[in-house]
Amino acid sequence: MLDLDEISKKVYETQVWRSIFRHSPWKDAPRDRMRHIVDNIWLHLHPARIRPRAVKVSYSWGLGGISFMLYLILTVTGVLLMFYYRPTVELAYQDMKDLEFVVTLGKFLRNAHRWSAHAMVLIVILHMVRVFLTGAYKKPREFNWGIGVLLLTITLFLSFTGYLLPWDQLAIWAVTVGTNMAGATPFMGNEGPFSGLLGMRVNNDVRFVLLGGTTVGASTLIRFYVLHCVLVPLVAGALMIVHFWRVRKDSFSAAPLEADEEKLDVWPHLIVREYLAAALTILAIFLWSVLQNAPLEELANATVTPNPSKAPWYFVGLQELLVYFDPWIAGVIIPNVIIVGLVAMPFIDVNPKGVGYYSLRERPLANTMFLSGIFLWFLLIFIGYFCRGPNWGWYWPWESWLAHKPLPPPTWDLPAWAGASLMIFYMAFGMAAPRLIGGEISWSRAIGAFVALFLLAVGGLKIFTALAAAKLLMLGFFIFIFFLLGFLFPQRYLKGLDLARYALTMSLILMMLGVLLKIGLRLGFDIKYVLSLPQFNFNI
Amino acid sequence: MPGEPITRRNFLWVGWSALATFFAASAAASARFLFPNVLYEPSQKFNAGRAKDYPVGVSTRWTKLQRVWIVRNEKGIYALWARCTHLGCTPNWFNDQGRFRCPCHGSNFSPEGDVIAGPAPKALWRCKVELASTGDLIIDKAVLEDRPGFREGHVYFVDV
Amino acid sequence: MRKLFYISNFGILGVFLLAIGLDHKREWKKHQRGYYEMEAARLEEELKSAGDEAERKSIQSQIRSFRRRPLEIKQIITPDLGRVDRCVTCHVGMDEFTNPSLSNPFAEHPFKAHPKSIAKSHSFQQYGCVACHAGQGLATTAEAAHGQVEHWEEPLLKAPYLEAACAKCHGNFESLSETKTAALGKKLFEKHGCIGCHAVNGRGGVISVDLGDIADKPLARIDFSKSGLDRKDWNIKNWIETHLTKDPMELVPNDPEGHLGEPISPSGMPPFAGEINAAQAQAITTYLLTMSKQPLPHTYYVPGAPAKERSSGDPAKRGQMVFEKYGCAGCHGLGGAAGRRNFNALADKQTRMEDGRVPSLVRVVGTYSPEELKKKIQEGVPSSAISKFKPEGPTPPLYMPGWSEKIKGPELDDLASYLFSVADQDSGGW
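Reading the values: rules and limits
Residues numbered from 1 in each chain as written. Chains lettered and ligands numbered in written order. Predicted model: local features only at pLDDT ≥ 70, side-chain atom pairs only at ≥ 80, totals over all residues. Heavy atoms only, no water. Contact = heavy atoms within 4.5 Å. Buried area = accessible area lost by both parts, 1.4 Å probe. Salt bridge = Lys/Arg side-chain N within 4 Å of Asp/Glu carboxyl O. Polar contact = N/O pair within 3.5 Å; in protein donor to acceptor, adjacent residues only side chain to side chain. Pairing = 2+ DSSP bridges. Helix = DSSP H or I, 4+ residues; strand = E, 2+ residues; numbered from the N terminus. Axes fitted to C-alpha atoms, helices over the stretch in contact; angles between N-to-C directions. Expected span 1.5 Å × (residues − 1). Buried < 20%, exposed > 50% of the residue type's maximum accessible area, 1.4 Å probe, protein only.

(A) Spatial organisation of the interface of chain C and chain B. Facing the 15 residues of chain C at the interface are 12 residues of chain B. Overall, the association of chain C and chain B removes approximately 1300 Å² of surface from exposure, summing both partners, and the carbon and sulfur fraction of that is 46%. Of all residues in chain C, C:Val206, C:Arg221 and C:Glu405 give up the largest surface area on contact with chain B, accounting jointly for 37% of the area buried on that side. Our count for the contact surface shared by chain C and chain B stands at three salt bridges. Note that C:Asp213 and B:Lys64 form a salt bridge whose closest N and O atoms lie 3.1 Å from each other. Counting every contact that joins chain C to chain B gives four residue pairs in polar contact (both at pLDDT 80 or more).

Laid out in structure tokens, this is it:
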């Protein structure tokens, strides 16, 4: 009979084993559990003991760990794929076909790489949502939250750079659109506002550096390859090290210490959970990769755009946003404001409550605003992904794309003076209104004010345009959203804030609602730009 | 300050600033390095064939190879660059609708190139067109104009 | 927790083994193994009738070699064309290394041998497979390799369309016995006056698109929604062919009622379905599929004999040749007898816009003097000068281009003589 215990004991005692693992044979004692962590180069990023709250699955959902596991899967599959992939215009697409048809497990690896990338974007976003909802970005974790936001940005950038590599139609057009947004950067992009001041042309602006040329071509492919396989992963790795280190230094769970809290041994309590999260992640990715193949369209063609041409799901919200705004707003300003706003969040939100647990009641404003933003983002993704068809026309998910739709109506701009005053009024009124009323507003008065505001808007618009029932409904909806989120909530919950923080919070809220209102203006009233100064490429 | 002696502390600052300058210079040089000095991109000029052969309307003959539409109206011929001014996709010409429509974000343009609907901020670019002595159209995509009033000028328009 | 541990660990192993299994069980292996088995079985039959000991030995060793042969991906790399074709992985009978004689008794796909005659003059190592047959050479599953999948725009060409591949290089295809369909297609293309509206590489009419690269037309630019074709049949071959077998007005109805703005008449292409049968439509399609701008090495081209200058002593006969050369029949009908449909153009006995007709030359020519007729041909009739049936309806799609630069001198005189020779003497116009 094979006695496994006997064999393992013998193995543990060999000189070879002892030379590798410093500690003496395993006895299930507190000291051994500690040494398992401390003596192991890979595990010693953990503390030896940890607060029980941090181990609870329903607190963290293991999302950070799963993201890291996905990053590891991506690294392993990515390195393997690099053995077969040649980043040239002539060969890249052929190598994709080779992976699918002739390389052993090539299709599986490519699927795993692609699906892990999609999963990682989703999980990293969810991780951020979780951290926000549990208030875990507050002091002393502001810095690490910032690193986390950067890591989210990098995750998206990694996906974006990887997208070009198959050199198919999906790739070239997603990247053409993405890099043209860079061309709309204020001052630094040749099609952005005020680009004339710095003498930007198509062959010296920021887009030109990104592409290594004036159009997406061979030099773009090699640039994106280097970014995707070397530069960005290195930066991501460095930031991850910092991120993990600070997680540990900041003691995992953000909840305040309780008096009688006794710490748990990381081995086995945390390690087991991490192991299971990792294993289930691998299982999910494997299953997904066996069941579904990564998409690959026709060979890239620089003159023919597929109709419709859709970005991957995580960018399709941005693509939909681009329908309503000038590229420099939707492609440059809004994403940057989101990133900067998120990084600044811990410094703006000084509410001391709700750290380390989920609570809508104790953090009504922060959570409502954040979730509204996330909801808006996913709503845009939903519209772009499911409701858009040929020529980016509106097709309900159940409609056939073969149906011919009426042409989109012509759009119009507000005159510059009107647009400028409207925007100044919007910002000034939005900023001031919540501060003007001191006391608590009762529900009946709030409803009265909303109805008054609605009637005022209807009356005002009646002069200019006919209002159908659908438009009335839409108008009511947008005014309701603005009234609730832009006025009632700040009025109630932003009272004690100092002026600087108040102004910052309000401008973020007003910008978010402004995006929604602009979408409403376009969909309901065909307004293209509220403010347009074509001589500066400046359109809002 | 001539009289002041160089102390060790002062000199250390000079040393550090030398290093800092080096870092700044190398960052700038790396940035410059990334701007290619030569490009391997096809010529922007092409011969579009006999001008007389274009009937009234929008011709898609050159969209696939050169990404240009040749349009003839009652007065003459101009060439539109088939690149959406929004984010650079190639719109399609819909003869039944009399419009160019972009598949990426839904911009619509008239045969004149003006934006009818959708997010595109500007009219489609018109390319320089010349009439060669053979009667052929020579089109140059590097010379572009989109401002009304200028784009109808003789550089961007041939009256044949 | 323990349960999860088991589930995940066994799950990972299980799914990974499944992935390996799926990866190992490739479609092509079945065909390759099948071929070797069939070859072995055939040789065993041969063995029974073999008398000589040496012959028996040799056959036996061949059998053994087929039985033991490892399965592998076979591919032809064609440096000139820059292609990699893996078709012979399944079509082993066409692999000149496994089956050097390129002959076998197997009738069923994919085991058949390649016709020898063509293989002789077209070395597989130089041409590969896809250069002629189209499809996706890199693929190793039947569906993908035959190109009948999404995102592959060049599905396998079957006979007779396959002849298009021959004619791409063979300028002399009209004189070859293997390309009769393509040759017929060219003849019909000329006879029915297609060139009157469609130029080919800049030579020909300007009313519709240049067909010089029609075979490369990107499918993204085609609206198949009215074609009645199944999605899997959306390809350029079918797009061309439906133009000939159906009424093009149904394929591209456009907006004659002006629902979307300015009324735009439907496709101006007249219906040819009544004039040509299915086989003729196939032939024209085959001919048009040769029209590609995809580069081929210049050494691959076989020049055709220069077109014979046809001549005749009879000016009317010569005029008929001019009539055909410039594709007048495209609009005016064969022999100028019956004008074809011109949507919303004014015609007699008209009740709908669809009844609009191009004038029938046979009937109107008699109303002109020779000088007037020549002037008319030279100046043409711009679309703005064509009377509409419905004044608020769309501009008729067909018009008479001015021919002054193309038809002149003796050609013009001959054409006029021809037209007067066919003119209906006693009709007073249409």
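(B) Layout of the sheet that holds strand β10 (residues 136–145) of chain B. Residue and element names in this part refer to chain B. The six strands are arranged β1-β10-β9-β4-β3-β2 in an open sheet whose pairing can be described as antiparallel. Each edge of the sheet is formed by a strand with only one pairing partner; in this case those strands are β1 (45–50) and β2 (57–59). Pairwise comparison of adjacent strand axes, ignoring direction, gives a mean angle of 30° for this sheet. Where strand β9 (residues 126–131) meets β10, six bridges bridge the pair, whose relative direction is antiparallel. Within β10, the residue paired with Glu-130 across the bridge is Ile-138.

(C) Helix α2 (residues 27–49) of chain C, seen in detail. Residue and element names in this part refer to chain C. Taking 1.5 Å of rise per residue, 23 residues should cover 33 Å, and α2 covers 35 Å from first to last C-alpha, within 8% of that figure. Listed as buried for α2 are Trp-28, His-31, Gln-32, Gly-34, Tyr-35, Tyr-36, Glu-39, Ala-40, Leu-43 and Leu-47. At its buried positions, α2 is contacted by α3 (53–68).

(D) How the structure looks around the sheet that holds strand β6 (residues 99–101) of chain B. All names here are of chain B. An order of β5-β6-β7-β8 is seen for the four strands of this open sheet, with the pairing classed as antiparallel. What marks the edges here is a single partner per strand, and that holds for β5 (92–94) and β8 (115–117). In the sheet, β6 pairs with strand β7 (residues 108–109) via two bridges, with the strands oriented antiparallel. Bridge pairing in β7 places Phe-100 opposite Phe-109.

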